[in-house]
Amino acid sequence: MSSHTLTEVAAPGDPRDAEPPRIVPRRRFGQWTAAGLVLVLLGLAVNSVARNEAFRWDVVGDYFTSAAVLRGLGLTLWLTALVMALGFALGALLAAGRLSANPVLRGVSWGYVWLFRSMPILVQLLFWFNIGALYPTLFGVKTVNLLGPVTVAIIGLTLHEAAYAAEVVRGGILSVDRGQVEAAQALGLSRWRRWWRIVLPQAMRSIVPPAGNMLIGTLKGTSIVSVIAVQDLLYSVQLVYHRTYQVIPLLMVATVWYVIVTSVLSVGQYYVERHYGRGSELAR
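Residues numbered from 1 in each chain as written. Predicted model: local features only at pLDDT ≥ 70, side-chain atom pairs only at ≥ 80, totals over all residues. Heavy atoms only, no water.

Applicable threshold: UniProt positions are given in the numbering used here, feature names are shortened, and annotations may be inferred rather than shown by experiment.
An unreviewed UniProt entry annotates the protein as Amino acid ABC transporter permease originating from Streptomyces apricus. Quoted verbatim from the Sequence similarities (unreviewed entry) field of the UniProt record, the comment on the protein reads "Belongs to the binding-protein-dependent transport system permease family." One UniProt comment on the protein, placed under Subcellular location (unreviewed entry), says "Cell membrane".

Given below as structure tokens:
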């Protein structure tokens with residue numbers, strides 16, 4: 001008697017050959033229940049905001065495009081753009097210092113990043129705002145005349161952003177494979193062309209996402225300059241509601257403008273990321 005096990009073979013034309021195995025999707029009752037609960041809560045929240053008379057949406061509409069609010073918005077956008085440009089310019093120098101073979105440059109750059117990342121931005125702004133107590137005059141000019149509120153805001157925010165920008169740029173450069181640089185050297189490319197054509201385009205894939213987050217954070221972070229009487233968007237609406245006592249509606253004006261600008265920046269960030277992500281597996 002043979003020890004082999006006989007296997008039944010379906011004859012030609014057998015219905016079992018024509019019917020593939022049926023795949024039944026897994027039922028995810030928990031996920032659908034959670035999604036339904038989230039939608040219900042979201043609907044209740046939207047309905048509450050829309051129908052709550054305390055928000056005074058008519059007042060929001062009246063002041064949304066008022067001259068004072070638009071001037072504050074313009075200053076906020078200008079301050080954000082200037083601080084980001086100056087912050088990343090200084091941050092790039094600090095990143096180069098941290099990657100330098102010179103121990104002095106590495107130490108000074110590391111110390112700067114450590115110090116300004118350790119200090120709250122509000123403390124930095126108040127320190128620069130009261131710098132006249134330490135240096136009454138600079139270059140023969142009274143400090144109170146040399147450093148006005150807007151100048152103090154630019155200095156404080158720039159020095160703060162530069163510390164974070166330095167780490168973003170350094171991380172982007174370190175993400176580039178060393179072999180890419182060695183290959184460029186083997187081709188005889190100059191140091192400038194290696195950085196501009198090989199290192200920077202690849203580093204931008206790692207730099208753009210955190211840089212975009214920094215830009216949005218800086219936009220919202222500029223609201224802190226209202227404590228030193230810089231007439232940004234928040235300070236502008238504060239001036240209005242101190243006069244009209246319509247606190248909530250005016251705060252909603254500022255909130256909606258921040259949401260709109262942040263949304264526009266997020267869309268721009270998406271396209272910039274897609275541009276620098278071309279050719280990579282993560283590109284969309």
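### Some words on the packing of aromatic side chains
Put simply, the test is: Note on aromatic contacts: the rings of Phe and Tyr and the six-membered ring of Trp form a pair at centre separations within 6.5 Å, being stacked when their planes are under 30 degrees apart, edge-to-face when over 60 apart, and tilted otherwise. By the criteria applied, helices consist of DSSP H or I runs no shorter than four residues and strands consist of E runs no shorter than two, each listed in order from the N terminus. Burial classes: relative accessible area under 20% of the type maximum marks a residue as buried, over 50% as exposed, and values in between as partly exposed (1.4 Å probe, protein chains only).
In total, this model carries six aromatic pairs according to the counting rule given. Ring geometry for Phe 64 versus Trp 257: centroids 4.5 Å apart, planes at 0°, classification stacked. Separated by 193 residues along the polypeptide, Phe 64 in helix H3 (residues 57-64) and Trp 257 in helix H12 (residues 247-276) bring together distant segments of the chain. There is no split in this pair, since Phe 64 and Trp 257 are both buried.

### Side note on the nonpolar core
Put simply, the rule reads: The criterion is simple. A nonpolar core is a set of buried Ala, Val, Leu, Ile, Met, Phe, Trp, Tyr and Cys residues joined through side-chain atoms within 4.5 Å. Any two residues whose heavy atoms approach within 4.5 Å at even a single point are treated as in contact.
By size, the foremost hydrophobic cluster in this structure holds 19 residues, and its most contacted members are Val 69, Leu 233, Val 237, Leu 250, Val 253, Trp 257 and Tyr 258. Going through the elements one at a time, H3, helix H4 (67-98), helix H11 (233-244) and H12 are the ones with two or more residues in this core. If one sorts the elements of this core by residue count, H12 sits on top with seven residues. The contacts of Leu 233, once residues within four sequence positions are left out, are Val 69, Gly 72, Leu 73, Thr 76, Ala 254, Trp 257 and Tyr 258. Counting 16 residues, the second-largest nonpolar core is a separate cluster that includes Ala 165, Val 181, Met 204 and Ile 207.

### Quick word on the packing of helix H8 (residues 149-174) against helix H10 (residues 191-221)
Between two packed helices, the angle of one axis relative to the other and the distance separating the axes together describe the packing. The condition that has to hold: As a rule, the C-alpha atoms of each element are fitted with a line to give its axis, helices using only the stretch in contact, and angles between N-to-C directions run from 0 to 180 degrees. Crossing handedness follows the turn of the near helix against the far one: under a right angle anticlockwise gives a left-handed crossing, and clockwise gives a right-handed one. The residue classification treats Ala, Val, Leu, Ile, Met, Phe, Trp, Tyr, Cys and Pro as nonpolar and Asp, Glu, Lys and Arg as charged. All others, Gly included, are polar.
Contact pair H8 / H10: the axes reach a minimum separation of 8 Å and the direction vectors enclose 145°. Like other packed secondary-structure pairs, H8 and H10 cross with a definite hand, here right-handed. For the pair H8 and H10, the contacting residues are Glu 161, Tyr 164, Ala 165, Val 168, Val 169, Gly 172 and Ile 173 in the first and Trp 195, Val 199, Ala 203, Ser 206, Ile 207, Pro 210, Ala 211, Met 214 and Thr 218 in the second. A class-by-class count of the residues in the contact of H8 with H10 yields twelve nonpolar, three polar and one charged.

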